[in-house]
Amino acid sequence: MNVTDFLKNSAYKFPSKTAVIDEEKKLTFKDLYQEVQKFSSSIGSVNKSVIGLIAENSISFIISYLGIINSGKTAHLIPFEISENNLLSQLRSANPEFIICSSGAKQNLSKYSSIRTPLLEFGEVSSKPIQNLDNFKTNDLAYLIYTSGTTSEPKGVPITHAMMEFTTKNIIKVLGYTSSDVDILPLPLYHSFGLGCLHTSLCVGSTLVLLKNANNLEKILETTKKYNATTLAAIPATLTKFLQFDKKVLEDYFSTIRLIITNSTSIPTETVKKFKEILRNGHLATYYGLTEASRSTFMIFDKTNKRENSVGRAAPEIRIKIVNHDNNSKAGEIWIKGNNVIKNYWDNVEADKRLVDGWLRTGDIGYIDGEGYLFLLGRDDDIINVGGEKIAPHEIEEVVKQLSGVEDVAAFGVDHEIFGQTIKLNIVKSKNSNLDKSIVLSHCMKNLEKFKIPTKIDFVEDIPKTDYGKVKRFMLK
Amino acid sequence: MILADVLRDDTEIKNTIRNIFFEVFPNMSEADFSWDKEQKDYPAWDSFAQLNLITFAETKFNITLSLEESIGIKSANDLLECVHSHLK
């Protein structure tokens, strides 16, 4: 089964129901299915098996994405604000026939002189009479995403239809999506998080409301209220920013919400606690996963579970283990096995070494408690080694975030002549904050062990992050 | 600079360094602090505490100590002299 089969089923069950709403229009399931069929008929005869796609969140994105897959091709999903070098490297690797794009994306890409791959705006894909799709070759691969690269150059991650189906059904089973849901999605569709939300909506026949900008908090709140939304997907940083609003205002706007789903970057425990109070009729939930192993755990933060810093337990039919070469520590590298895990990277023998007997070595460090809850400590490459003491940056960041006047912080290791490494902090101060380095140091001294005290602190404008909100620590060192 | 300013500055520097010691050694009582007391006499003064003393001093006085200077600090007095030499 592929993702267009999800749409086909929902078009059969709910033909006149609204499937998707963007900032300009809306489409029913029946109309969306017809548009997808038209689109695939137009591109079904191209030679290469990969077609690129780059656009903001829109109905046209969804039609193109589903149309590519429906025609038996693989969709190469490209981040909207990709740099020229990154795009060039992805195109060399994926080798798409052409790139389908929005007018905004075409405008951006036309400045990249090194890009030779043809660009086709949505409107330039000619509409042909709907063909019998049986004529199209089938293809195991649904889409190809290059990982956002928190530690190194991006790697191509090919996702099969079977993986996509397995993951979507797990999301539905654990988080209870139904056709009654109205799902707000301000996250980009070109990433695994947003894409998983699209697949879920198509599968259950819920209504998906697309927004282009996850930073426009007022718009998210207004849209939630306007459509009586029942679910919202947002990264942890967005959730923390919501807390600038009065609690009563948030309670009111989120009164219809039964679920806010976020993802596996660390969520400040204070944010989790506050959302437990704000969501009077629902829950905050998170998951842990990588593009290579989507939605491997789920955690629903209900009132009784006090594990606010856990990413939950393994999803159905997924196994997680901690591989540890140090008998004195319960923490180690997280390995994942299941039908959500890729079989190989895209043409990358070196990266394939991370796959061992069906297990994905994630490079993430964590531990599992006695009841099977997974706790993340950071990336293997991120661990800071101060004179033999190993420190997860996340722990330092959590403590510093408690300080008033800290909007964001990243901790990372810097070389030191005696200790090998010591800890440096980059801090983004809130507006009008009078925070100074002495205050930060004193706070760390009171709340952390002595080997975890930073030796250097810089106040910076921003912290480089992936679209998922993960800190790109390799850019800080 | 007149003598009163010098004395006031010296007092401020001394107070700051004293406070640094109480921050880095939070369990230390007033009676346990002495300018001449040496590293070996502080049970909690290990290499990490040394690193923290230097970090606090660099931050509070906006100075940077060399590796040799950092290693050479064995008492509160040593740190005071080192800070003085940077603030001259």
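Listed as interface residues are 13 residues of chain A and, on the opposing side, 12 residues of chain B. At five residues, the largest contribution of residues to the side of chain A that touches chain B is made by helix α14 (residues 437–447) of chain A. In terms of residue class, the side of chain A that touches chain B is made up of five nonpolar, five polar and three charged.

This part covers the sheet that holds strand β5 (residues 99–101) of chain A. Think of a sheet as strands paired side by side through backbone hydrogen bonds, with each pair either parallel or antiparallel. Residues and elements named next belong to chain A. One open sheet holds the six strands; their spatial order is β6-β5-β3-β4-β7-β8, and the pairing between them is mixed. Two strands close off the open sheet at either side, each with one partner strand: β6 (119–121) and β8 (156–160). The mean inter-strand angle of the sheet, taken between neighbouring strand axes irrespective of direction, is 25°.

A few words on the sheet that holds strand β1 (residues 18–21) of chain A. Residues and elements named next belong to chain A. Ordered in space as β2-β1-β10-β9-β11-β12-β13-β14-β15, the nine strands form an open sheet in which the pairing is mixed. Of all strands in the sheet, those with a lone pairing partner are β2 (26–28) and β15 (313–314), marking the two edges. Pairing geometry for strand β9 (residues 182–185) and strand β11 (residues 231–233), over two bridges, is parallel. By the bridge assignment, Ile184 is partnered in β11 with Leu232. Strand contacts of helix α2 (residues 29–43): β1 and β2, with the helix running at about 95° to β2, the strand carrying the most contacts. On top of the sheet, helix α7 (residues 192–204) reaches β9, β10 (207–210), β11 and β14 (293–301); it is set at about 160° to β9, its chief contact.

The domain boundaries assigned to chain A delineate domain 1 (3–166) and domain 2 (383–475). On a C-alpha basis, the centres of domain 1 of chain A and domain 2 of chain A stand 40 Å from each other.

Looking now at helix α1 (residues 3–13) of chain A. All names here are of chain A. If you check which residues of α1 are buried, you get Val3, Thr4, Phe6, Leu7, Ser10 and Ala11. One side of α1 carries all its buried residues, which in axial view fall inside an arc of 145°. Counted as exposed and oriented over 90 degrees from the buried face of α1: Tyr12 and Lys13. Where the residues of α1 are buried, they touch β1, α2, α3 (59–70), β7 (141–146), α6 (161–175) and α7.

A few words on the pairing of β10(A). All names here are of chain A. Going residue by residue along β10, you find Thr207 and Val209 tucked away on one face and Leu208 and Leu210 tucked away on the opposite face as well. Here β1 runs beside β10; their pairing, made up of two bridges, is parallel. Its bridge partner being in β10, Ile21 is matched across the sheet by Val209. The pairing of β9 with β10 spans four bridges and is parallel. Across the sheet, Leu185 pairs through a bridge with Leu210, a residue of β10.

Looking now at α14(A). Buried within α14(A) we find Lys437(A), Val440(A), Leu441(A) and Cys444(A). The buried side chains of α14(A) occupy one side of the element, clustering within an arc of 95° when seen end-on.

Moving on, we get to the pairing of β14(A). Residue and element names in this part refer to chain A. Counting buried positions over the nine residues of β14 gives eight, a clear majority of the element. The sheet contact formed by strand β13 (residues 283–290) and β14 spans six bridges and is antiparallel. Opposite Leu290, over in β14, you have Ala293 as the bridge partner. What sits between the antiparallel neighbours β13 and β14 is a turn of two residues.

Here is what the cut-offs are and how they apply
- Residues numbered from 1 in each chain as written.
- Chains lettered and ligands numbered in written order.
- Predicted model: local features only at pLDDT ≥ 70, side-chain atom pairs only at ≥ 80, totals over all residues.
- Contact = placed C-beta atoms within 7 Å.
- Helix = DSSP H or I, 4+ residues; strand = E, 2+ residues; numbered from the N terminus.
- Nonpolar A, V, L, I, M, F, W, Y, C, P; charged D, E, K, R; others polar.
- Pairing = 2+ DSSP bridges.
- Axes fitted to C-alpha atoms, helices over the stretch in contact; angles between N-to-C directions.
- Domains from an automatic or database assignment.
- Buried ≥ 20, exposed ≤ 12 C-beta atoms within 10 Å, placed from the backbone.
- Arc of directions from axis to C-beta.

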